[in-house]
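Each chain is listed here by its residues.
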Amino acid sequence: MLRDALLVAGKDLRIERRSRVTTNQVAPFAVVVLVLFAFALDPDRGLLTRAAAGLFWVAVLFCAILAVQRSFSVESADGARDGLRLSGLDPAGIFLGKAGAVALQLVALEALLAAGVVLLYGTDLRGGVVLLATCAAATIGLAASGTVYGVLSAGLRVRETLLPLLLLPVAAPVLLSATRAWEVALGTGGAGDGAGPWLRLLVIFAVVYVAFGVVAFGALLEEA
Amino acid sequence: MKGTATTLTRVLGFCALVTLAGTVVLGLWTTPPDVVQGELVRLIYIHPAIATMGEVAFGVTALASLLYLWRRTRDRRWDLLAGVSAEVGVVFASLTLVTGSIWGRPTWGVWWTWDARLTTTALLLALFLGYLALRRVPGEAGSRATRSAIGGLVAAVDVPIVHYSVNWWRTLHQGSTLLRRKPLIHGVQLEAMLLGFVAFALIYAWLVVHRYRVEDLATRLEDRGFETALAERRAEADELLEVVS
Amino acid sequence: MNGYVAAGYLVSLSTLAAYAGWVVRRGRQLARDKRRAEAGPTP
């Protein structure tokens, strides 16, 4: 299963490296979103710095949608889905591979966005361990839930509009928890119970959707 | 058969109407205004009942999706039930938000507040609107049902996570009025509220049964139409073949 | 009667009534279609 996962992830990442969609389109999009937030919230009043955690995660969420959509649009051409289905690879492995590739791209985008938040919003990235742990758990959760919904809507003609409608409400707890955890780490939020419960929730989300994908992906790939 | 009504649904509908009328009479006229909430307490006789039935509806969707996915109980009836219950649930959840909003405006001074239960309900509604959108995508019946069932489960799995995250985030809503050791309300108020629960449960059941029959009829007619069209095309082809030979 | 209370009851009941009415009408229409389909093609 893991070997299959590595195979699929390697294939997806190789496609990304050659097509450069993530670097040439999604990454600039992420930066544009950050700039747009600065237009929407007056930079002079310190709003941006205080809201940086939330804005960062909203931008990540948007990027996740694009990454997932991209991950399944490469399968739609030339009947690649059928190839994948008939390849004899373990469906759970395919799921882990696709989710892993999406997660890796998200990590790269998060690094870029974090740099953007520091440079553009003047945020001081304190509490590194919590920030990194939040990123890890949230990224896995987003990639897993995104991949489940990605394959669910992959073969459909309305997938561009359907995927955000399906994914955004499901991913809302990730946005909420990750933002709160970052606020605790950055010291921009109100007094709370610390980042612990939020991190726990993110881990639970990630575990639930990875497990769901591993179990259900076979049925989805066959029937969808 | 004139429509989708049968004796069962007529009895069900009659009971629903009677209990609903009872709730309205008790709620609007018989019960006294509350010491704290004044006249607004009257919304308590319908709002929690509607909210509960919305949650029950989504629970039924999740359960039916699970039963459809489990091979030993796989049956298109579960798929139909899941979709129908979600649709009725969306109606109830929307009404929950509306009545809650109407209660919140004079009580809290705002139509909307980022309270835990409000936010959870809104997210629940968004989740199941997505589910209904997914169901509406045309496709081969079997694969559409599997797709919908998995989509429904993905959404249902999210509900407890949403619940906890939002609860930690905000809590302002007044606690449950009924499910305490000592209920906060007594006598005729309690009766009105319980009758409201019965009424909306019956309404839910009536709506689901009717909507289920409608959906069943619609899919059957669609299949039949498809078969008729197929038979016609075959007949045309045969005629052509005869002409050629 | 309090306006908010009246509005709350009115919106809830009328929405449910409208939805129920739609379901019943759709059921009747489909039942008619089904009868026609069963009667076979009209000559």
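Small disclaimer: the values here were computed from a predicted structure and weren't measured.

*Asks:* For this particular structure, what's the right way to read the interface of chain A and chain B?
*Replies:* Frequently, the measure chosen for interface size is the accessible area removed from exposure when the parts meet. Listed as interface residues are 27 residues of chain A and, on the opposing side, 29 residues of chain B. Interface area for chain A against chain B, summed over the two sides, is near 2,400 Å², with a carbon-plus-sulfur share of 81%. Counting the contacts that link chain A with chain B gives zero salt bridges. Here chain A and chain B share two residue pairs in polar contact (both at pLDDT 80 or more) between them. At the level of secondary structure, the elements contributing two or more residues to the side of chain A that touches chain B comprise α6 (128-154), α7 (159-186) and α8 (196-223) of chain A. Here the side of chain A that touches chain B gets eleven residues from one element, more than from any other, and that element is α8(A).

*Asks:* Honestly, the pattern of salt bridges in this entry has me stumped. Any pointers?
*Replies:* Where charged atoms from two side chains of opposite charge approach closely, those side chains can pair. Under the definition given, this model contains 13 salt bridges over all chains. Put simply, Asp12(A) and Lys11(A) hold a salt bridge, and the shortest N to O gap is 2.9 Å. Residue class for Lys11(A) comes out partly exposed when judged on its relative accessible area of 24%. The partner of Asp79(B) in a salt bridge is Arg135(B), with the nearest N and O atoms 3.2 Å apart. Here Asp79(B) is found in helix α3 (residues 76-108), whereas its partner Arg135(B) is found in helix α4 (residues 116-136), with 56 residues between them in sequence. Each member of the salt-bridge network shares a partner with another, and the members are Lys11(A), Asp12(A) and Lys98(A).

*Asks:* What exactly am I supposed to notice about the packing of helix α1 (residues 7-30) of chain B against helix α1 (residues 3-39) of chain C here?
*Replies:* Relative placement of two packed helices is described by the angle separating their axes and the distance separating the axes. At a minimum axis distance of 12 Å, the contact between α1(B) and α1(C) shows a crossing angle of 175 degrees. Here α1(C) runs roughly antiparallel to α1(B), going by the angle between their axes. Seen from α1(B), the contacting residues are Leu20(B), Val24(B), Gly27(B) and Leu28(B); seen from α1(C), they are Val5(C), Tyr9(C) and Leu13(C). By residue class, the composition of the contact of α1(B) with α1(C) is six nonpolar, one polar and no charged.

*Asks:* How should the side chain of Arg135(B) be read in this particular structure?
*Replies:* The exposure class of Arg135(B) is buried, given its relative accessible area of 11%. With residues near it in sequence (within four places) discarded, Arg135(B) still touches Asp79(B), Ala82(B), Gly83(B), Arg144(B) and Ser148(B).

*Asks:* Is there a simple way to explain the interface of chain C and chain B in this structure?
*Replies:* Every contact between the two is made by 27 residues of chain C and, on the other side, 38 residues of chain B. The junction of chain C with chain B conceals about 2,800 Å² of combined surface from both sides, 80% of it contributed by carbon and sulfur atoms. For the pair chain C and chain B, the interface holds zero salt bridges. If you look at where chain C meets chain B, you find two residue pairs in polar contact (both at pLDDT 80 or more). Partitioned by chemical class, the residues of the side of chain C that touches chain B number 16 nonpolar, five polar and six charged.

Conventions used here
- Residues numbered from 1 in each chain as written.
- Chains lettered and ligands numbered in written order.
- Predicted model: local features only at pLDDT ≥ 70, side-chain atom pairs only at ≥ 80, totals over all residues.
- Heavy atoms only, no water.
- Contact = heavy atoms within 4.5 Å.
- Buried area = accessible area lost by both parts, 1.4 Å probe.
- Salt bridge = Lys/Arg side-chain N within 4 Å of Asp/Glu carboxyl O.
- Polar contact = N/O pair within 3.5 Å; in protein donor to acceptor, adjacent residues only side chain to side chain.
- Helix = DSSP H or I, 4+ residues; strand = E, 2+ residues; numbered from the N terminus.
- Buried < 20%, exposed > 50% of the residue type's maximum accessible area, 1.4 Å probe, protein only.
- Axes fitted to C-alpha atoms, helices over the stretch in contact; angles between N-to-C directions.
- Parallel < 35°, antiparallel > 145°, perpendicular 65-115°, else oblique.
- Nonpolar A, V, L, I, M, F, W, Y, C, P; charged D, E, K, R; others polar.

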